Structure formats: structure tokens, C-alpha cells
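Notes for the structure review
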Amino acid sequence: MRRIILSAAIALLAMACATQKSGDNERRIFVTIAPLQHLAEELTCGDFSVELLVKQGASPETFEPTSSDIARLSDAEFVFSTGLISFEHSLTHNLGDNLVDLSEGITTLGGTCSHHHCNHSHGIDPHIWTSPRELRTMVRNMLRALMSHYPDSAKYNASAEQIIARLDSLDSYCTERLGDGKQRAIMIYHPAYTYLAHNYNIEQIAIENEGKEPTAKHLVELIERGRNMGVRAIFHQPQYSTNKLRSVADELGAEVVVTDPLSFDIESEIRRVVDIISKQNE
Ligand SMILES: [Zn+2]
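Quick summary incoming for the structure in this document. All values derive from a computational prediction rather than experimental measurement.

Focus: the packing of aromatic side chains
- For the coordinates displayed, the defined rule picks out 5 aromatic pairs.
- Ring centres of F63 and F87 lie 5.0 Å apart, and the angle between their planes is 70 degrees; this geometry places the pair in the edge-to-face category. Taken as a pair, F63 in the loop between β2 (49-52) and α3 (67-75) and F87 in helix α4 (residues 86-94) lie far apart in primary sequence, 24 residues in all. A single burial state applies to F63 and to F87, both of which are buried.
- When the centroid spacing of 5.9 Å and the interplanar angle of 15 degrees are considered together, the rings of F78 and F80 count as stacked. Take F78 and F80: they sit in the same class, and that class is buried.
- Ring-pair connections join several aromatic residues into one group, and the members of that group are F48, F78, F80, Y150 and Y156.

Side note on the sheet that holds strand β3 (residues 78-81)
- Taken together, the 4 strands give an open sheet; going across it, the order is β2-β1-β3-β4, and neighbouring strands pair in parallel fashion. The sheet is open, and its two borders are formed by β2 and β4 (99-101), each paired with just one other strand. Strand-to-strand twist in this sheet, taken as the mean axis angle between neighbours without regard to direction, amounts to 25 degrees.
- As paired strands, strand β1 (residues 28-31) and β2 are joined by 4 bridges and run parallel to one another. Looking at β2, one finds that I29 is bridged to V50.
- Packed onto the sheet, α3 meets β1, β2 and β3 and runs at close to 130 degrees relative to β1.
- Packed onto the sheet, helix α5 (residues 132-149) meets β3 and β4 and runs at close to 165 degrees relative to β3.

Observations regarding the environment of P35
- One can find P35 in helix α2 (residues 35-43).
- Sequence spacing of P35 and S263 is 228 residues, and the spatial spacing of their C-alpha atoms is 5.6 Å.
- Look past the residues within four positions of P35 in its chain and what remains in contact with it is W129, P261, L262, S263, F264 and I266.

Quick look at the pattern of salt bridges
- Tallied over the entire structure, the rule returns 16 salt bridges.
- In this structure, the salt-bridge partner of D168 is R136, at a minimum N-O distance of 2.5 Å. With D168 in helix α6 (residues 154-178) and R136 in helix α5, this residue pair connects regions lying 32 residues apart in the sequence.
- For D168, a relative accessible area of 34% puts it in the partly exposed group.
- Its relative accessible area of 15% is what places R136 among the buried residues.
- Sharing partners across several salt bridges, the network here consists of R28, E51, D69 and R72.

Topic: the sheet that holds strand β6 (residues 203-206)
- The strand order across the open sheet built from 4 strands is β6-β5-β7-β8, with neighbouring strands paired in parallel fashion. The sheet is open, and its two borders are formed by β6 and β8 (255-258), each paired with just one other strand. On average, each strand axis in the sheet is tilted by 35 degrees relative to the strand beside it, whichever way the strands run.
- Alignment of strand β7 (residues 233-236) against β8, held across 4 bridges, turns out to be parallel. Among the inter-strand pairings, I234 is bridged to a residue of β8, identified as V256.
- Sitting on the sheet, helix α9 (residues 243-252) is in contact with β5 (185-188), β7 and β8, with an inclination near 170 degrees to β7.

The rules we used
Residues numbered from 1 in each chain as written. Predicted model: local features only at pLDDT ≥ 70, side-chain atom pairs only at ≥ 80, totals over all residues. Heavy atoms only, no water. Phe/Tyr/Trp six-rings, centres within 6.5 Å; stacked < 30°, edge-to-face > 60°. Helix = DSSP H or I, 4+ residues; strand = E, 2+ residues; numbered from the N terminus. Buried < 20%, exposed > 50% of the residue type's maximum accessible area, 1.4 Å probe, protein only. Pairing = 2+ DSSP bridges. Axes fitted to C-alpha atoms, helices over the stretch in contact; angles between N-to-C directions. Contact = heavy atoms within 4.5 Å. Salt bridge = Lys/Arg side-chain N within 4 Å of Asp/Glu carboxyl O.

Listed below in C-alpha cells is the structure:
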């Protein structure tokens, strides 16, 4: 299914970009996390080779760029970062104008700040890429950076419009599935869907307690809240352990569902998560 959506996206991409080049390119863009990679490739019509800093399977929370990473990033024409994950702060000190903070213009939300990858500027939740509205702003910020170097490039504008139209329809889809006035919750180990929950009025119940394993007391409260909210699915990220999650799932008779907020195809992942959340209360 994902592949189908992705190839459909690539077919569309060929329409906005007059010529689609292959990946072996001198010009380079770095993105800090995987969900930004396809977006950057699509936006730039394959004109750049787009490389990923935090490889799949690695956790951005514990990631530390090495000096050779910094050297490679320095050579890239653009480095697209969320601007909110803690390792990205060291990039601010080490890189110049090529570092693009994609959170510009986004109203950030608070998080629990023992959250490992929490921003140093106090309690900001970094997960802006898991909601279509914030993602749309991030694409606009990518475009603005590109246009500062290539002011005459109409194709980047055209492909941005195409991506934004797709994110608009994802936004409408989320509203449609979640906006029927029913009370809904997403229960998840690590609270990676804060912006999605905020935008579509669902409650995010994190099993992790301020970045740490939950205590017995916290678990009892979670089960109570989950029961009240009709939780039927508990989301689990591949980057975290499932120990505590199973006992909560058993108590609630809920299913454990894997979600990867660091998926390359974040749009499909958002759609899938929204489907599961909306089905809980049908
Ligand atoms: Zn996270």
C-alpha cells in the first residue's frame, strides 16, 4: 500500500518537475531525519542528492553528530533540520548559513522536558513533522531556502505547490476522520504525535513518564484513562521497549500497533495512525 502511494507521488512529481534527474548529483542537501528526505527529493526534482544524517534505526534522541558528520554537513548546499531536536543545536554552533531551521513560523507546543531530545529552550515538543499542517510549513520553509539560491526556478515552486496540495488533502482527511465530535485518544509509548493530537482535538496519552519508564502508580492511572477514553490500540515505536506496554494493553484488551514517526513516508504513516485512532470509537 505504502509503495503504491509512494509511486503515485513519484509519478505526480514527474509532472511538476520538467526533468527528473537521477540521484548522482554534485549538489547535496542533508536532512536530519528520514521523514524529510523524500520531501526534499520531491521538492528539488532530483536536482540534488539528498542525504540523511540520522540513519534509520538510530534514535534522534541519543544521536550525536561526529566531527566527520559536521564536515560533510558543512559541504552541503542546504542542511534541513527541524530546529527542535537537541542534537540539532550543536549544528547551530558548527554550521553557517546552509543550516535551515524548518520550524520557523510554527507555533511550538510544550512537552515534558525530561524528554531526551527535548529542546534546550525549555520544554518544547520537537515532533512537528508528524502533523500535516506543520509539515506544510516545513515544506514552505524548504522552498524559501531554495528560492534564495535559485530565485528563477519555477519548477521548485510548482513541486512545492503539488506537495502542499497533497498535505492539504491529508489535513482534510484527518479532520474528516477525527472531527465528528467524538472524544478520542491516542495511547503511545513515546509522545510523538503531540501536534497531530493538538490539531485534531484528540488526547495523547503517553506511557513513558517524562522521558522515563512509567511507575506502578502511573500505570494504574494510564489504564484508568485509557478505559475512559475507549482506547483499543496502543502505539509503540520500534525505537522503544515494549515491556510496560504489554501489561497496559492486556488490562485494556487493546492491540499493540507499531508506528514509526521516523518513517520515510510520513504522510502514509499519519494516514494509517489516524485510521486506527478513528476506528477505536466507531
Ligand atoms: Zn520523539
